[in-house]
Amino acid sequence: MKRHTLTLLTAVSALAATAQLSAPGVDIISVDVPSSLGYNRAFVVPSSGGLTLTYTAAATVTALERFSSLGAAYAEPVPFTAEGNNVTFTGEARDLGYRITTAGGATSYFWLVDYASHRYSVSGIVPDPTAGDCSRILLTVDGQADAITIYGINGRPETLDRDIRLDYRSLIYDADAETYRESTVTETYKQLSGHISAPAPLCDTQFTLQPDRFARQWRLADAVSTGTVEATAVEARTTAEQTIESSDNEQKAEAPDGSLGGSAPCEITFKAVVTDAAIYRRWEISTMPEFEDVTYTYDQLDFTYTFTEAGTVYVRFTANNAAGTCEYLGDTYTVSIGTSSLLCPNAFSPGSSEGVNDEWKVSYRSIVDFDCQIFNRWGKKLATLTHPSQGWDGIVGGKPVSSGVYFYVIKARGADGKVYNLSGDINVISSRRNNNLPSAPTE
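S.K.: I would appreciate a short explanation of the overall build of the chain in the present structure.
M.R.: Along the chain, the regular secondary structure elements total two helices and 37 strands. At 40 Å, the chain has a C-alpha radius of gyration far larger than the 22 Å of a compact globule built from 443 residues. Counting only C-alpha atoms and orienting by the principal axes, one finds that the chain spans roughly 125 × 55 × 35 Å. Counting all 443 residues of the chain, 42% fall into the buried class. Looking at the chain alone, contacts between residues at least 24 apart form 65% of all its contacts between residues at least 6 apart.

S.K.: Is there a simple way to think about the packing of aromatic side chains in this case?
M.R.: What characterises a pair of aromatic rings is the spacing of the ring centres plus the angle enclosed by the ring planes. Enumeration according to the criterion identifies 26 aromatic pairs in this entry. Between W111 and Y151, the aromatic rings sit 5.8 Å apart at their centres with planes inclined by 55 degrees, giving tilted as the arrangement. Separated by 40 residues along the polypeptide, W111 in strand β10 (residues 107-114) and Y151 in strand β13 (residues 148-151) bring together distant segments of the chain. Take Y151: its relative accessible area is 24%, and that puts it in the partly exposed class. Between F270 and F307, the aromatic rings sit 6.5 Å apart at their centres with planes inclined by 75 degrees, giving edge-to-face as the arrangement. With F270 in strand β22 (residues 266-274) and F307 in strand β25 (residues 303-307), this pair connects stretches of sequence that are 37 residues apart. Taking relative accessible area as the criterion, F307 reaches 4% and is therefore assigned buried. Grouped by ring-pair contacts, the aromatic residues F270, W283, Y296, Y298, F303, Y305, F307, F317 and Y333 constitute a single cluster. Note that R316 overlies the ring of F291, its terminal NZ or CZ placed 4.1 Å from the centroid.

S.K.: Is there a simple way to think about the sheet that holds strand β11 (residues 121-127) in this case?
M.R.: Sheet strands associate in pairs through backbone hydrogen bonding, adopting either a parallel or an antiparallel arrangement. Pairing is antiparallel in the open sheet, where three strands are placed in the order β11-β12-β17. Looking at the sheet topology across the chains shown, the edges are occupied by β11 and β17 (192-199). Between one strand axis and the next, the sheet turns through 25 degrees on average, direction left out of account. With seven bridges connecting them, strand β12 (residues 136-145) and β17 associate as antiparallel partners. When the sheet's bridge partners are listed, A145 is paired in β17 with L192.

S.K.: Would you mind going over unusual backbone geometry with me for this structure?
M.R.: Trans is the prevailing form of peptide bonds, just as negative phi is the prevailing case for residues other than glycine. A cis geometry characterises the amide bond from A264 onward to P265, with omega recorded as -5 degrees. Mapped onto the secondary structure, P265 falls in the loop between β21 (260-262) and β22.

S.K.: Looking at this model, I keep getting lost on the state of the cysteines. Mind explaining?
M.R.: In protein chemistry, a disulfide is the covalent bond that joins the sulfur atoms of two cysteines. One pass over the structure, following the stated rule, counts one disulfide. Note that C134 is cross-linked by a disulfide to C326, the S-S spacing being 2.0 Å. Here the disulfide of C134 and C326 is left-handed, its torsion about the S-S bond being about -95 degrees. Of the two residues, C134 sits in the loop between β11 and β12 while C326 sits in the loop between β26 (311-320) and β27 (327-329), which places them 192 residues apart along the sequence. The class for C326 is buried, based on a relative accessible area of 4%.

S.K.: Even after reading the chapter, I still don't get the nonpolar core, so can you show me in this structure?
M.R.: In terms of nonpolar packing, the biggest core is built from 39 residues, with V44, Y120, L160, L166, L192, L209 and F214 touching the most fellow members. No other element matches the four residues that β12 contributes to this core. Beyond its immediate chain neighbours, meaning those up to four positions away, L166 contacts I125, L139, V185, T186, E187, Y189, I196, A198, F207, T208 and L209.

S.K.: Just to check I follow, could you spell out the environment of W392 for this structure?
M.R.: Its place among the elements puts W392 in the loop between β33 (381-385) and β34 (395-396). Apart from residues no more than four positions distant in its own chain, W392 is found in contact with F348, D358, E359, W360, I374, L382, A383, L385, V401, Y406, I426 and V428.

S.K.: Looking at this structure, how should I read the sheet that holds strand β15 (residues 164-174)?
M.R.: If you trace the four strands from one edge of the open sheet to the other, you get β16-β15-β18-β19, paired in antiparallel fashion. In this open sheet, the two strands that pair with only one neighbour each are β16 (179-189) and β19 (224-225).

S.K.: It is not clear to me how the environment of P79 should be interpreted in this structure. Could you clarify?
M.R.: Along the chain, the position of P79 falls in the loop between β6 (76-77) and β7 (81-83). In the structure, P79 is positioned 14 residues away from E65 in sequence and 8.5 Å away in space, judged by C-alpha atoms.

S.K.: Please clarify how the pairing of β25 should be interpreted in this entry.
M.R.: Moving residue by residue along a regular strand, the side chains alternate between the two faces of the sheet. Because side chains alternate across β25, one face comprises the buried residues F303, Y305 and F307, and the other comprises T304 and T306, none of which is buried. Bridge count between β22 and β25: five bridges; the pairing is antiparallel. Along β25, the bridge assignment pairs C266 with F307.

S.K.: Looking at this structure, how should I read the environment of Y55?
M.R.: Among the structural elements, Y55 can be located in strand β4 (residues 52-56). Among the residues examined, Y55 registers a relative accessible area of 2% and is labelled buried. Remark: the alpha-carbon pair of Y55 and K381, spanning 326 residues in sequence, is separated by 107 Å.

S.K.: Honestly, the pattern of salt bridges in this entry has me stumped. Any pointers?
M.R.: Working definition: two side chains of opposite charge can pair if their charged atoms are close together. Counting across every chain of the model gives 16 salt bridges. Salt-bridge contacts for R413 lead to D369; the nearest nitrogen and oxygen are separated by 2.7 Å. Highlighted residues: R413 in strand β36 (residues 404-414) and D369 in strand β32 (residues 367-375), separated in sequence by 44 residues. We classify R413 as partly exposed; its relative accessible area is 36%. When salt bridges that share partners are traced, they join R66, E92 and R94 into one network.

The rules behind the values
- Residue numbering note: each chain is counted from 1, following its sequence as written.
- Owing to the predicted nature of the model, reporting of local features is limited to residues with pLDDT of at least 70; listing and counting of side-chain atom pairs is limited to 80 or more, with chain, interface and lining totals taken over all residues.
- As a rule here, side-chain values cover all heavy atoms of the structure and leave hydrogens and water aside.
- Secondary structure is summarised from DSSP: a helix means a run of H or I of at least four residues, a strand means a run of E of at least two, and numbering begins at the N terminus for each.
- Note on method: radius of gyration uses C-alpha positions; expected globular size equals 2.2 Å times residues raised to 0.38.
- Only protein chains enter the accessibility calculation, which uses a 1.4 Å probe; a residue is then buried when its area is under 20% of its type maximum, exposed when over 50%, and partly exposed in between.
- Here a residue-residue contact requires only that any non-hydrogen atoms of the pair lie within 4.5 Å.
- Classification of ring pairs rests on two measures: the distance between centres of Phe, Tyr or Trp rings, Trp counted by its six-membered ring, which must be within 6.5 Å, and the angle between planes, read as stacked under 30 degrees, edge-to-face over 60 and tilted in between.
- Whether a charge lies above a ring is judged from NZ of Lys or CZ of Arg, which has to be within 6 Å of the ring centre and within 35 degrees of the ring normal.
- Two strands make a pair as long as DSSP finds a minimum of two bridges between them.
- A fitted line through C-alpha atoms serves as each axis, taken over the contacting stretch for helices, and the angle formed by two N-to-C directions is quoted from 0 to 180°.
- Count a disulfide wherever a pair of cysteine sulfur atoms falls within 2.5 Å.
- Only buried residues count toward a nonpolar core, which is a set of Ala, Val, Leu, Ile, Met, Phe, Trp, Tyr and Cys residues joined through side-chain atoms within 4.5 Å.
- Put simply, a salt bridge is a Lys or Arg side-chain nitrogen that is within 4 Å of an Asp or Glu carboxyl oxygen.

Okay, here's the thing in structure tokens:
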């Protein structure tokens, strides 16, 4: 039985591929349908009642039958005339399925739609102000275009797509240009029944409803349009770009889970691009992930903020339309700033090996205030460093200092509030002693 079924469907498909339906002076529209119906083609005519139809099969036709929604098991014979592969018959004013038997017993099927029973009839569309939401708009349709249902050889129903089109303008985000661009949007519907829903437009626009594909081809109906509809929906796109420090003596502090942040001070630029209806817009910074308490707000679309305190904060963008009826809440950016650390080496060897240990530098993380004074053994100040990324190269007055012991005094503060008051020795090792390695940094 299984092998027989597969053979039958193959035969049906082959016949349908070459079959044609025609009528004098009539534009018949052929539509592909799912092969699970037992056939893969339906034909739509403006009106089938009393219409003389000719079906061209792949072989000589020996029988013609028609069936209703009950399926081909209830097929009844149809009067016809045959001439070779052509069979001519009179259509009825209703939707029916047909079975054609050709010489050798092969069968093929198709469904004939009487469009006069489903005529597209729409005289206007208007937006429904009482329905829809910020993501979709609801339009009331004055008229109808009911579902066109066809039936398979076993009575299985399938809705024929009328391809009714709704055209309007909206804003589409262009990721390459990082901006919104106005573009035509098209929504399609299999049928109409009182209302249709579409994504809410992001700019002021008109909605134009095109007739179904059959009325379009036969020029049986005109398009209808709304007046200008004001955009109320709000959308935005945001980015956050962190300025990466490149100091070779900064301890790398990776932010957890791919979030922003790391070592303070951490500078991040936040940017937003919004649609036309986004009249009120602001960035919010909070220490609470649900933004129960907002610490700072910025009304600009773009702003740069320097994070100087250890811990985790949250940043998001919000926007509202003029009436406050539609709100946009952007993705939350998590910024995690690590605790501070400050380590000081006790030796360096300027001139001993070029590019290696040529400067005395602290090793640091999340240091937001820094002052370092360097003295010789007689208390003369030789250098002042105001940022932990700076170093002392052992040059004073354009000349390298002598090898020996020097001293540093550091006052600093970390992003976590920790205060550093450090002092200690700096051993300057001359090139004649380049085989001596400096001691490990100590805090």
